[in-house]
Amino acid sequence: MSAIDAAPRVAPLTQLLEEETLFQKTVHDFAEEKLRPRVLEMDRTGDMPQTVIDELFSLGAMGVEIPARYQGAGGSFFMAVTAIEELARVDPAVSVFVDVQTVLVTSALLRWGRDDQKERYLPALARDTVGAYALSETEAGSDAFALATTARPDTDGFVLNGRKAWTTNGAEAGLFVVFAKVPTKRHALVTAFLVDRDTPGVQVGPKIDKLGIRASSTCELVLDEVRVPRRNVLGEVGGGYEVAIDTLNKGRVGIGAQMVGLAQGAFESALGYAQQRKQFGQPIVSFQGVHFQLADMAAKIETARLGVYNAARLVDAKTFYLHLTRPAAIAKYMASQVAEEVASRALEIFGGTGFAKGSPVEKFYRDVKIGQIYEGTSNIQLRTIAGTFVEGLR
């Protein structure tokens, strides 16, 4: 027997386990049957109906990674990523709603939460409570830790004051993961807190009217003398940097999955249109100028998918969060670049029809731009990637 024959067989990245395949198909069918008929109306109104949210909980998509003992689906991070991808094929707005819940909020609790915190919050997050992640501020975007929000120590906990910007899921959230600075004599300690929506002093602003992903709510979160007990510190006091980097790495993988799903949806729309649209007596897909574009789109989507799947598998392999930084940044950067190119080309294949409101590719084209902005802009991803191999670059 040769050394090659004796080596363990490693499954291809795109070869899913049986439970992964079944869950992916379940989400795919839900997106096609229940979500697709509602997409254009949700985009028009900028609202996600409670019925859709309830169905996402019933589907298990909102608690994919939550263990069964906490009433969750007991799945893997990879399964959460495939759910995000499948939803984005139909509506990237619903996809990011699930993404924030599973990849940021739930992952943070699973990795950094104490047993009592998991007992209190995970069953609710699996059953009916929406989570939101409040890190960004007006002056703390790409420089995420230039926080102005403070957490003043009090007798039995902390008092939070500040304003959080661009809080996804803000309108629906019942629980917020909030990052603030705890002042000390020497320096401020970035710390993560679990803040219930009904805590006195918590105010959620109106939804921002956005270019794309319009059904996904984005709100300002105002914290005015909000008293949070010490038992609601997530991780350690001063450990907020590690919590944020760990969850943001996973978040970048999630956004990569959203962009791969968006690109796949735009590609499928363009392919279907090219097969039925006739010019000069034949379907336009038969023209080399069109089918070569479609082939290039398909190749780039598959390449981006491999990067996202690799990063997701690394998460499930319990890769140390600092070692995940580079593959997560690459996955997010490449997927968002590919998605923008594919969405643009898909609209061109549709021609004037694609430029009109009500066209699926018109919506994909508006939705896609956010992929190069949130969870770290493309320039931040490049800086992060470079920082892993350029000496002295931080």
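Anything mentioned here points back to the structure above.
About the criteria used
- Along each chain, residues carry numbers from 1 onward, in the same order as the chain's sequence is written.
- Per-residue local features are limited, in this predicted model, to residues with pLDDT of at least 70; the limit for side-chain atom pairs, both in listing and counting, is 80 or more; totals at the level of whole chains, interfaces and linings are taken over all residues.
- Side-chain figures throughout are based on the complete set of non-hydrogen atoms in the structure, without hydrogens or water.
- Secondary structure elements are taken from DSSP: a helix is a run of H or I of four residues or more, a strand is a run of E of two residues or more, and numbering for both begins at the N terminus.
- By definition here, a helix of n residues has an expected span of 1.5 Å times n minus one.
- Given a residue, its bend is the angle between the two axes fitted to the seven residues that end at it and to the seven that start from it.
- Each residue gets one of three labels from its accessible area relative to the maximum for its type: buried under 20%, exposed over 50%, partly exposed in between, using a 1.4 Å probe on protein chains only.
- By definition, residues are in contact when any of their heavy atoms lie within 4.5 Å.
- Just to be clear on terms, a salt bridge is a Lys or Arg side-chain nitrogen sitting within 4 Å of an Asp or Glu carboxyl oxygen.
- At least two DSSP bridges between two strands are needed for those strands to be called paired.

1. Quick word on helix α7 (residues 115–127)
Here is step 1 of the chain: With 13 residues, α7 should cover 18 Å at 1.5 Å per step; its first-to-last C-alpha distance of 18 Å lies within 8% of that length.
Here is step 2 of the chain: The sharpest bend along α7 measures roughly 30° and falls at Tyr121, with the proline Pro123 sitting one to four residues further on.
Here is step 3 of the chain: Of the residues making up α7, those classed as buried are Gln117, Lys118, Tyr121, Leu122, Pro123, Ala124, Leu125 and Ala126.
Here is step 4 of the chain: Those residues of α7 hidden inside the fold are in contact with α4 (50–59), α6 (92–112), β1 (130–134), β4 (173–182), β5 (189–196) and β8 (233–234).

2. Observations concerning the environment of Tyr321
Here is step 1 of the chain: Mapped onto the elements, Tyr321 comes out in helix α10 (residues 321–350).
Here is step 2 of the chain: For the pair Tyr321 and Asn249, spaced 72 residues apart in sequence, the C-alpha to C-alpha distance is 7.3 Å.
Here is step 3 of the chain: Those residues within four positions of Tyr321 in sequence are excluded, and the remaining contacts are Glu242, Ile245, Asp246 and Asn249.

3. Describing the pattern of salt bridges
Here is step 1 of the chain: Scanning the entire structure with this criterion turns up 30 salt bridges.
Here is step 2 of the chain: With a closest N to O distance of 3.3 Å, Arg152 and Glu225 form a salt bridge. With Arg152 in strand β2 (residues 150–153) and Glu225 in strand β7 (residues 218–229), this pair connects stretches of sequence that are 73 residues apart.
Here is step 3 of the chain: Under the relative-accessibility criterion, Arg152 is labelled partly exposed at 37%.
Here is step 4 of the chain: Taken together, the shared-partner salt bridges in this structure form one network comprising Glu32, Arg36, Glu86, Arg89 and Glu268.

4. Description of the pairing of strand β3 (residues 157–168)
Here is step 1 of the chain: Summarising burial for β3: 10 of the 12 residues are buried, a large majority.
Here is step 2 of the chain: Strand direction decides the pairing type here: β2 and β3, joined by four bridges, are antiparallel. Following the sheet pairing, Ala151 is matched in β3 by Leu160.
Here is step 3 of the chain: Bridging between β3 and β7 involves nine bridges; their strand directions are antiparallel. Residue pairing across strands places Val159 opposite Arg227, the latter belonging to β7.

No statement about biological role is implied by the geometric values presented.
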